[in-house]
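A closer look at the structure
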Amino acid sequence: MKKTIVFTVALATTFCLGVAFKTATIKEETMKKVTGIGGIFFKCKDPKKMTEWYKIHLGLDVNPYGATFEWYEGADGKKKGQTQWTPFKESTTYFEPSTKDFMINYRVANLEALVAQLKSEGVTIVDKLETYDYGKFIHILDAEGNKIELWEPLD
């Protein structure tokens with residue numbers, strides 16, 4: 001009788017640990033990392049002239065930061081999103097330490113959890129997480145040293 005109870009408890013414990021491990025594994029595998037493109041940034045000789053060119057020839061609705069494309073996401077199409085397009089002066093240091101003439105901003109769902117995961121995977125984190133009234137930001141480097149901006153919108 002005692003062996004049956006011990007065996008049953010051991011079997012139940014093993015089952016519970018298996019379910020917990022499986023749940024943790026599924027959460028990690030299904031965690032959304034990038035949810036979309038938050039912005040495209042590139043260097044050019046004259047950002048004002050470039051912005052004006054895109055306004056005249058391609059019809060971009062420009063603002064002091066470039067152009068903002070608004071769209072709706074989700075199954076019901078009610079949640080508003082945006083993608084920023086911005087030309088930077090070619091002498092900008094904002095893209096450093098990357099030597100490339102562009103930087104992509106990716107929208108993410110849970111920046112703090114993603115940063116913790118990226119650190120554990122050995123990804124280079126360039127700076128500290130910053131929070132503004134329009135979202136949380138951090139910069140990382142990809143495998144070729146391109147600076148990437150990660151943004152969790154506060155919408």
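Up top is the structure these notes are about.
The model shown is predicted, which means the values in this text are computed figures rather than measured ones. (Residues numbered from 1 in each chain as written. Predicted model: local features only at pLDDT ≥ 70, side-chain atom pairs only at ≥ 80, totals over all residues. Heavy atoms only, no water.)

Here we look at the nonpolar core
With nine residues, the main nonpolar core is built from V108, L111, L114, V115, L118, I138, I140, I148 and L150. The greatest single-element share of this core, amounting to four residues, is contributed by helix α3 (residues 111-120). Setting aside residues no more than four positions away along its own chain, V108 makes contact with K33, V34, T35, L114, L150, W151, E152 and P153. If you look at the next biggest cluster of nonpolar residues, it comprises five residues, including F42, L60, A67 and W85. (Core = buried A, V, L, I, M, F, W, Y, C linked by side-chain atoms within 4.5 Å. Buried < 20%, exposed > 50% of the residue type's maximum accessible area, 1.4 Å probe, protein only. Helix = DSSP H or I, 4+ residues; strand = E, 2+ residues; numbered from the N terminus. Contact = heavy atoms within 4.5 Å.)

A word on the sheet that holds strand β2 (residues 62-63)
Taken in spatial order, the eight strands of this open sheet run β2-β3-β4-β1-β5-β8-β7-β6, and their pairing is mixed. Two strands close off the open sheet at either side, each with one partner strand: β2 and β6 (130-132). Where strand β7 (residues 135-141) lies against strand β8 (residues 147-153), seven bridges are found, and the strand directions are antiparallel. Bridging from a neighbouring strand, L141 pairs with K147 of β8. Helix-sheet contacts for helix α2 (residues 47-58) involve β1 (34-44), β2, β3 (66-73) and β4 (79-89), and the interaxial angle to β4 is about 130 degrees. (Pairing = 2+ DSSP bridges. Axes fitted to C-alpha atoms, helices over the stretch in contact; angles between N-to-C directions.)

A look at the pairing of β3
Side chains on a regular strand alternate between the two faces of the sheet. Across two bridges, the pairing between β2 and β3 is antiparallel. Among the inter-strand pairings, V62 is bridged to a residue of β3, identified as A67. The loop that links β2 with its antiparallel partner β3 comprises two residues. The pairing of β3 with β4 spans seven bridges and is classified as antiparallel. Across the sheet, the residue bridging to Y72 is K80, located in β4. Linking two consecutive strands that pair antiparallel, namely β3 and β4, is a turn of five residues; a positive phi of about 90 degrees is found at G74 within it.

Digging into α3
Buried within α3 we find L111, L114, V115, Q117 and L118. Along the axis of α3, the buried positions cluster into a sector of 165 degrees, meaning they face one direction only. Those residues of α3 that are exposed and angled more than 90 degrees off the buried face are K119 and S120. Lining the buried residues of α3 we find β5 (102-108), β7 and β8. (Arc of directions from axis to C-beta.)

Comments concerning the pattern of salt bridges
Applying the stated criterion across every chain, the model contains two salt bridges. The shortest N-O distance in the salt bridge between E70 and K80 comes to 3.2 Å. In this pair, E70 sits in strand β3 while K80 sits in strand β4, placing the two residues 10 residues apart along the sequence. What makes E70 exposed here is its relative accessible area of 51%. A salt bridge links K136 to E112, with the shortest nitrogen-to-oxygen separation between them at 3.1 Å. Here the residue K136 occupies a position in strand β7, and E112 occupies one in helix α3, the gap between them amounting to 24 residues. Judged by its relative accessible area of 17%, K136 is buried. (Salt bridge = Lys/Arg side-chain N within 4 Å of Asp/Glu carboxyl O.)

Function cannot be inferred from these measures alone, as they are strictly geometric.
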